[in-house]
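Chain by chain, the residues run as shown.
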Amino acid sequence: MNKMGLEEYKGVYVFAQQVDNELSGIAFELLGKAKDLAKDLDTDVTAVLIGSEVKDLADELAAYGADKVIVVDDPELKEYRTEPYTHALASVINEYKPEIMLVGATAIGRDLGPRVSARVATGLTADCTVLEIGDFPLVAIPGREQKHNQLLMTRPAFGGNTIATIACPDNRPQMATVRPGVMQAIDKIEGAKAEVIEFNPGFTPDNKYVEIMEVVKSVTDVVDIMDANILVSGGRGVGSPENFKILEDLAEVIGGEVSCSRAVVDAGWKPRDIQVGQTGKTVRPNVYFAIGISGAIQHVAGMEEADIIVAINKDDTAPIFDVADYGIVGDLNKIVPMLTEQLKAVVK
Ligand code: FAD
């Protein structure tokens, strides 16, 4: 492992994920966080944009906080494939030596991040929910050197029963994958421009890359719950898959989407892609209705950042009321239809 010349590594870098030449939301979220970190380190933010004919996306990255954009553009990078993307990102790191490299914990990022970290001989903390700059170890320990301005990477550990803060003091870059939906993008700065640097480490066409024969996209008209402004979320207390109809009626009246707890997914009532929580999705809607959900820590971890939380539960000691802005104690079978009727009159 490289322990020499750590001070050569400068800047906060973000892997700007794009699919079909459209930037993914996580790219903007990471830029928002990178800006905070860069401010603390008195450095700048660089987005690494990898793909084929993607240069035009640089302005959008600038508008969300990138000071520089390094573009690796090659026909070999049209669709995501592990090997050429790993080669591209690892080559950027070896050439430009970032101090911090952030990657989204998306399906692509979870594949790419660990391979790149192994190739550039550094560590990676996966699935982070909090990133900040600080001292490591957190408190001075006699006989142990305390380093300043380290990236402190926090993530749930041991099945969510504890929270671990991890640092990478002896290697660079400090790498993390970050959960989508946790960090916040900055407001768009119209007309912002970044310095664009084109870099191509070279790709050999016959190098046994996986060949993509066909891309089959799943066809669905369901909105991703991570994009919804209003979520009507049901738990085991809803009682049956059929009874979710009362939640769907409420969601329809207020223009929301239905989501659920893990108990509901485990029971086979709803699919996993609408599960909220630590092993589901992290959501940040304007309004989150928690209906028949007890408020287990693993569920709350995925929805506590909602602007307004409304809890409906028959048990007035349910922990969901600790995080709720509005609580209604009673039987959801009576309350939800009444609420739907009342809101129908208001919303029209
Ligand atoms: P319950 O805890 O059974 O709560 C049902 C609630 O409904 C109760 O509070 C009850 O009072 C109320 N109720 C019942 N009938 C009515 C009624 N008629 N009217 C009103 N209220 C009623 N959970 C998640 O949700 N997401 C995750 O991502 C997740 N990840 C996990 C990861 C790990 C490693 C582990 C160990 C657990 C995880 N869990 C997760 C599970 C979590 O611990 C809880 O078991 C789960 O959230 C409980 O779901 P629930 O609130 O729907 O059910």
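- As annotated in an unreviewed UniProt entry, the protein is Electron transfer flavoprotein, alpha subunit from Anaerostipes rhamnosivorans.
- The UniProt entry for the protein carries the following text under Sequence similarities (unreviewed entry): "Belongs to the ETF alpha-subunit/FixB family."

## Thoughts on the sheet that holds strand E1 (residues 12-15)
- Pairing within the open sheet is parallel, and its seven strands lie in the order E7-E11-E6-E1-E4-E5-E12. Each having just a single partner strand, strand E7 (124-128) and strand E12 (195-198) make up the two edges of the open sheet. Adjacent strand axes in the sheet meet at a mean angle of 20°, parallel and antiparallel pairs treated alike.
- Packing of helix H1 (residues 25-41) onto the sheet brings it into contact with E1, strand E4 (45-51), strand E6 (100-104) and strand E11 (174-178), and relative to E1 it is tilted by some 175°.

## What to know about the domain arrangement of the protein
- Taken domain by domain, the protein comprises domain 1 (6-198) and domain 2 (230-345).
- The centre of domain 1, based on its C-alpha atoms, is set 33 Å off from the matching centre of domain 2.
- Between domain 1 and domain 2, the contact holds nine residues from the first and seven residues from the second.
- The interface formed by domain 1 and domain 2 holds zero salt bridges in total.
- Summed over the shared surface of domain 1 and domain 2, the result is three residue pairs in polar contact (both at pLDDT 80 or more).
- In terms of residue class, the side of domain 1 that touches domain 2 is made up of three nonpolar, five polar and one charged.

Conventions and cut-offs
- Residues numbered from 1 in each chain as written.
- Predicted model: local features only at pLDDT ≥ 70, side-chain atom pairs only at ≥ 80, totals over all residues.
- Heavy atoms only, no water.
- UniProt positions renumbered as here; feature names shortened; annotations may be inferred.
- Pairing = 2+ DSSP bridges.
- Helix = DSSP H or I, 4+ residues; strand = E, 2+ residues; numbered from the N terminus.
- Axes fitted to C-alpha atoms, helices over the stretch in contact; angles between N-to-C directions.
- Contact = heavy atoms within 4.5 Å.
- Domains from an automatic or database assignment.
- Salt bridge = Lys/Arg side-chain N within 4 Å of Asp/Glu carboxyl O.
- Polar contact = N/O pair within 3.5 Å; in protein donor to acceptor, adjacent residues only side chain to side chain.
- Nonpolar A, V, L, I, M, F, W, Y, C, P; charged D, E, K, R; others polar.

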